[in-house]
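Structural overview for review
Spelled out from the first residue to the last, the chains are:
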Amino acid sequence: MPWPHTAPTRSLPTRLLAPVLACALLLAACSDDSGESTATTTAPDAESTTTSTAPAAESTTTSTAPAAESTTSAPATEATTPTVPAGLPADAPTRVVVLPGDRVYPEGVAFDATTGRYFVSSSEDGTVFSASLPDDAATEFLAAGGDGRTNALGMAVDEDRRRLWIAGGASQTVFAYDVDTGELLAAHPVPDADAGSLVNDITVTDDGDAFATNSGTSQIYRIDGSDDAVGALEVWLDPAGPIIPTDGPIGHNGIVTTGTGYLLTVDTLTQRLFRIDIETKEIVEVDTGGVGVGLDGLALDGTMLLGVTPASVVTTELAEDYATGSVIGSTTDESFTFATTVALIP
């Protein structure tokens, strides 16, 4: 069906940023060079964000404490002060939640508003943890290596159909699970995968279709999720076609749906943002004035985009047609050892 390319109505960015970055729950999962993993949250209600971290080799220079000290002597929560954009309160308390395990390397995160649970994936062994707000007591939801899931990166929850989608990273598979029971619904290996293939992130449209990025091949996959059963996987967008408006392939990483017929995806190396029309597959580079919007996970609320770099969450205000945007701020925290992913909690 035709898509109404109009942004949904929402609050002004100054009203929205305050709850997201200062007055709400900011959850960030981080690990040091020995695999110790933590999650950081800021203050109470309203909207919130979630980030997580990358593998050991990338986080050695920014590690804050060895794993043994964090698990044996540090409390489960500790106070820090996040840095937020000018004009926003900078005194929101932060608490650090330690995830179970010595080598978690949390990567993806997704929130289920129906149950109040959030899920955190491990890039090290494919484990998926779950925790409920507000206690943040994380437990294992999906065991390491189950169903061939040796790697787990980006995730998305389809609340209406009760599905948890997982981008399987180097396992080169897209997984779908029952978000309540953990039952495997589908496991789709991506076609023509090679050593450079990395199924990195995933998003779900209102009609149930899942779109997953492959940062190694620049492909985007689509899985039909509109029926009761999960459908087949197809290569929906391939860089071999003439539709890439750049000098080379886009290393698609974070991906979100606008709810108005577009996908937004970010290029890992250049931090450029691209708008993709779901109906026509037309790709337009979003004009942000040459300013990077992040290089990893994305989250979208109306026209406010949050994008993650290893040390910050970047806030970009987009136009209603998602063709242009302006970076208006960023937030950092000492617990961001290597941030990777962000999710909004309504």
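My aim in this report is to walk through the structure given alongside it, one point at a time.

Parameters at a glance
- Residues numbered from 1 in each chain as written.
- Predicted model: local features only at pLDDT ≥ 70, side-chain atom pairs only at ≥ 80, totals over all residues.
- Heavy atoms only, no water.
- Helix = DSSP H or I, 4+ residues; strand = E, 2+ residues; numbered from the N terminus.
- Buried < 20%, exposed > 50% of the residue type's maximum accessible area, 1.4 Å probe, protein only.
- Areas by Shrake-Rupley, 256 points an atom, 1.4 Å probe, with all protein chains shown as cover.
- Salt bridge = Lys/Arg side-chain N within 4 Å of Asp/Glu carboxyl O.
- Phe/Tyr/Trp six-rings, centres within 6.5 Å; stacked < 30°, edge-to-face > 60°.
- 1 Å grid on protein atoms, 1.4 Å probe; cavity = no way out; pocket = protein on both sides within 12 Å on 5 of 7 lines; lining within 4 Å.
- Points joined across faces, edges and corners; volume = space filled by probe spheres on them.
- Nonpolar A, V, L, I, M, F, W, Y, C, P; charged D, E, K, R; others polar.
- Pairing = 2+ DSSP bridges.
- Axes fitted to C-alpha atoms, helices over the stretch in contact; angles between N-to-C directions.

1. What to know about the overall build of the protein chain
If you tally the helices and strands in the protein chain, you get 3 helices and 24 strands. The buried share of the protein chain, taken over its 346 residues, is 59%. Counting only carbon and sulfur atoms, one obtains 52% of the accessible surface of the protein chain, whose full area is about 13100 Å².

2. Structural notes on the pattern of salt bridges
The full count for this structure, using the stated rule, is 8 salt bridges. One salt bridge in this structure joins D180 and R162, with 2.9 Å as the shortest N-O distance. Placement of the pair is D180 in the loop between strand 11 (173-178) and strand 12 (184-189) and R162 in the loop between strand 9 (155-158) and strand 10 (163-167), with a sequence separation of 18 residues. Between D209 and R222 there is a salt bridge, and its shortest N-O distance comes to 2.9 Å. One end of the pair, D209, is in the loop between strand 13 (199-204) and strand 14 (210-214); the other, R222, is in strand 15 (residues 220-223), with 13 residues separating them in the sequence. The same class applies to D209 and to R222, which are both buried.

3. Concerning the packing of aromatic side chains
Applying the stated criterion to the full structure yields 4 aromatic pairs. Centre to centre, the rings of Y262 and Y322 are 6.4 Å apart; their planes meet at 70°, and the pair counts as edge-to-face. Of this pair, Y262 sits in strand 18 (residues 262-267) while Y322 sits in the loop between strand 23 (312-318) and strand 24 (325-331), placing them 60 residues apart in sequence. Taking the relative accessible area as the measure of exposure, Y322 reaches 0% and is therefore buried.

4. With respect to the layout of surface pockets
Of the voids in this model, the largest pocket is the one considered here, and its volume is about 950 Å³. Contributing to the lining of the largest pocket are 35 residues, with V157, T203, V204, L300 and L344 lying nearest its centre. Elements that contribute at least two residues to the lining of the largest pocket include exactly strand 5 (106-112), strand 9, strand 13, strand 17 (252-257) and strand 21 (298-301). Its residues assigned to classes, the lining of the largest pocket shows 20 nonpolar, 7 polar and 8 charged.

5. Side note on the sheet that holds strand 21
The 4 strands are arranged 21-22-23-24 in an open sheet whose pairing can be described as antiparallel. The sheet is open, and its two edges are formed by strand 21 and strand 24, each paired on a single side. In this sheet, neighbouring strand axes are inclined to one another by 25° on average, regardless of whether the strands run parallel or antiparallel. Pairing of strand 21 with strand 22 (residues 304-309), which is carried by 4 bridges, proceeds in the antiparallel orientation. Opposite D301, over in strand 22, you have M304 as the bridge partner.

6. Description of empty space enclosed by the protein
Throughout the structure, instances matching the rule amount to 1 cavity of 30 Å³ or more. The calculated volume of the largest cavity comes to roughly 30 Å³. Lining the largest cavity are E107, G154, N200, D201, N253, D296, G297, T340 and T341. A breakdown of the residues in the lining of the largest cavity according to their chemical character gives no nonpolar, 6 polar and 3 charged.

7. Brief notes about the pairing of strand 18
Taking burial as the measure, the 6 residues of strand 18 include 6 buried ones, the bulk of the element. Burial along strand 18 is two-sided: Y262, L264 and V266 and L263, T265 and D267, pointing in opposite directions, are all buried. Sheet topology note: the strand 17/strand 18 ladder contains 4 bridges and is antiparallel. The residue of strand 18 that forms the bridge with V256 is L264. Linkage of strand 17 to strand 18, two consecutive antiparallel strands, is achieved through a turn of 4 residues, within which G259 is found at a positive phi near 80°. Here strand 18 folds back onto strand 19 (residues 273-277), and the loop between the two strands holds 5 residues, one of which, Q271, carries a positive phi near 60°.

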